[in-house]
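Listed below, chain by chain, are the residues.
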Amino acid sequence: MKPFQHNSKPSIAVAGAGVMGLSVAHALRQYNVTVFDGGRESSASAMAGGMLAPWSEVEHLPENFMDAAQHGIALWEKILGGLNEKVEFHRSGSLIVAHEDDEYILERLAAKLPQQKIIGAEKIAVIEPSLGNRFAHGIFIAEEAHTNPQQALIALAASVSKFVSENADMEALREKFDYVIDCRGFAAAKEDKDLRGVKGEIVIVRNEGFSLSRPVRLAHPRYPLYIVPRPDNVFMIGATLLESADRAVTVKSALELLSAAFSLHPSFAEAEILDIRAGIRPAYSDNLPRINTDDNVISCNGLFRHGFLLAPVMAECVADLVAGKQNNFISLFRSENDDHHHQRSAQKHRLRA
Ligand SMILES: Cc1cc2nc3c(=O)[nH]c(=O)nc-3n(C[C@H](O)[C@H](O)[C@H](O)COP(=O)(O)OP(=O)(O)OC[C@H]3O[C@@H](n4cnc5c(N)ncnc54)[C@H](O)[C@@H]3O)c2cc1C
């Protein structure tokens, strides 16, 4: 990386205005930042549930990310509180329930979450009255939060001083700006061969007769599902997890998502379908996010299922990198990956020799 002159105000380009790019632009707002993006509507971020739920995701997120994840929740509260536009943010926890035959999944999760206890039907009915006594057992994780991704992206984009609504030519940016922060998500897979897309399909419905105060997950061996409440009795039902980067929503997936919602509560049979869409999660082979540097380019990618949870933490790491400061979390995103990188380079050299 080019050395940063601490008495100057570097020019910085951010390629990509998903949650990663916008979080970086916000973290670097004291500098001269220009954000580029010509296709924000179809970003993975625009499809996300907005759940800030590291413990619910314990089967997808390693233990050593938990402190960073909790920091991510705290950062969201602070960032959203400082924006001009109002963005929903709820620290109302998450609830995980299972049908009787699938309760072994709850037990498996509870074993991985020693701080959390399995609760009974009475407590579930108090937390989420709309579920009544449909589920005998569940896990309530009080510390988790959720936000509204669409509102958050709009409010963050509005806080950017310079926004160019077109896709960037990365080589041109590299020449023109002191730093380029590459946050192109899955689009970077053209050059980054370790990056892949993991499709997530969602259905948005309005269910007038039902309400939730927090995301509810249905633990299921084949169709694990979550339902995230939005204002006006709108619910996001998500999400599939498919090794594919096409954006088509299949009938099979739609049936699975809607059947699972119906099995959570029969009132979903009468819900109005508002939208069905797919987003492509950018992911590396280990499903963990990375910050890589190459001369004056810093790339942040591979946020997989945890983009909302971890983007502000990675953005803070980028801001500290640019300012030449230490950051306790950066090793999560770099050191091991650098080792991987070195291993890959060494392997390439050996193959060539
Ligand atoms: C269905 C679904 C539900 C999810 N739910 C959650 C959740 O509840 N909680 C959570 O933490 N995470 C969730 N995720 C994961 C999260 O959405 C992703 O990890 C995150 O959005 C990745 O963000 P990103 O900014 O890296 O990529 P993206 O959001 O894909 O953004 C990349 C942006 O780069 C732009 N771009 C591409 N090429 C260029 C170019 N040349 N120049 C400029 N811009 C360019 C694209 O137009 C796009 O806007 C979910 C994902 C999906 C698909």
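Here the structure is a predicted model, which means the values were calculated and not measured. (Residues numbered from 1 in each chain as written. Predicted model: local features only at pLDDT ≥ 70, side-chain atom pairs only at ≥ 80, totals over all residues. Heavy atoms only, no water.)

## Description of the overall build of the protein
Across its full length, the protein holds 11 helices and 17 strands. Expressed as lengths along the three principal axes of its C-alpha atoms, the size of the protein is roughly 60 × 50 × 40 Å. A buried classification covers 54% of the 353 residues belonging to the protein. For the protein, restricting intrachain contacts to residue pairs at least 6 apart in sequence, the fraction spanning at least 24 positions comes to 74%. Element-wise, carbon and sulfur atoms account for 49% of the exposed surface of the protein, whose accessible area totals about 16,500 Å². (Helix = DSSP H or I, 4+ residues; strand = E, 2+ residues; numbered from the N terminus. Buried < 20%, exposed > 50% of the residue type's maximum accessible area, 1.4 Å probe, protein only. Contact = heavy atoms within 4.5 Å. Areas by Shrake-Rupley, 256 points an atom, 1.4 Å probe, with all protein chains shown as cover.)

## Examining the site of the ligand
Every one of the 36 residues lining the ligand counts as a neighbour, but Asp37, Ser45, Met51, Ala168 and Phe304 are closest to it. In the environment of the ligand, an oxygen atom lies 2.5 Å from a nitrogen or oxygen atom belonging to the side chain of Asp37. In the environment of the ligand, an oxygen atom lies 2.9 Å from a nitrogen or oxygen atom belonging to the backbone of Phe308. For the ligand, whose unbound accessible area comes to 1,000 Å², protein coverage reaches 94%. Listed by contribution, the elements that provide at least two residues to the shell around the ligand are helix 1 (19-27), helix 2 (44-47), strand 11 (196-206), strand 15 (272-283) and helix 9 (307-323). Looking at the shell around the ligand, its residues break down into 18 nonpolar, 13 polar and 5 charged. (Near = heavy atom within 4 Å. Polar contact = N/O pair within 3.5 Å; in protein donor to acceptor, adjacent residues only side chain to side chain. Nonpolar A, V, L, I, M, F, W, Y, C, P; charged D, E, K, R; others polar.)

## Some remarks on helix 9
If you check helix 9, its first and last C-alpha atoms are 23 Å apart, about what 17 residues at 1.5 Å a residue would give, namely 24 Å. Across the 17 residues that make up helix 9, a large majority, 15, are buried. After helix 9 finishes, the residue Gly324 shows a positive phi value of roughly 70°. (Expected span 1.5 Å × (residues − 1).)

## Considerations on the sheet that holds strand 16 (residues 290-294)
Taken together, the 6 strands give an open sheet; going across it, the order is 9-2-1-10-17-16, and neighbouring strands pair in mixed fashion. A single partner strand is all that each edge strand has here, and the edge strands are strand 9 (162-164) and strand 16. Here the average twist between neighbouring strands, direction ignored, is 20°. Summarising the sheet, strand 1 (residues 11-15) and strand 10 (residues 179-182) pair through 4 bridges and their orientation is parallel. (Pairing = 2+ DSSP bridges. Axes fitted to C-alpha atoms, helices over the stretch in contact; angles between N-to-C directions.)

## Section: the pattern of salt bridges
Taken as a whole and assessed by the stated rule, the structure comprises 18 salt bridges. For Arg290, the salt bridge is made with Asp194, and the minimal N-O distance between the two is 3.0 Å. Within this pair, whereas Arg290 is found in strand 16, its partner Asp194 is found in the loop between strand 10 and strand 11, the two being separated by 96 residues in sequence. Across the pair Glu256 and Lys252 runs a salt bridge, and its minimum N-O distance is 3.1 Å. With Glu256 and Lys252 both in helix 8 (residues 251-264) and 4 residues apart, the pair spans about one turn of that helix. Given a relative accessible area of 17%, Glu256 falls into the buried group. Salt bridges linked by common partners bring Glu57, Arg217 and Arg305 together as one network. (Salt bridge = Lys/Arg side-chain N within 4 Å of Asp/Glu carboxyl O.)

## Some thoughts on the sheet that holds strand 12 (residues 216-219)
Strand order in the open sheet formed by 8 strands is 6-7-5-12-13-14-11-15, and the pairing between neighbours is mixed. Of all the strands in the sheet, the pair left with one neighbour each is strand 6 (118-120) and strand 15. On average, each strand axis in the sheet is inclined to that of its neighbour by 25°, with strand direction left out of account. Where strand 12 lies against strand 13 (residues 225-230), 3 bridges are found, and the strand directions are antiparallel. Each residue of the ladder has a partner; that of Arg217, found in strand 13, is Tyr226.

## Notes on the side chain of His26
Inspection of the secondary structure assignment puts His26 in helix 1. Residue class for His26 comes out buried when judged on its relative accessible area of 12%. Here His26 is in contact with Ile79, Leu83, Leu156 and Ser159, once residues within four sequence places are set aside.

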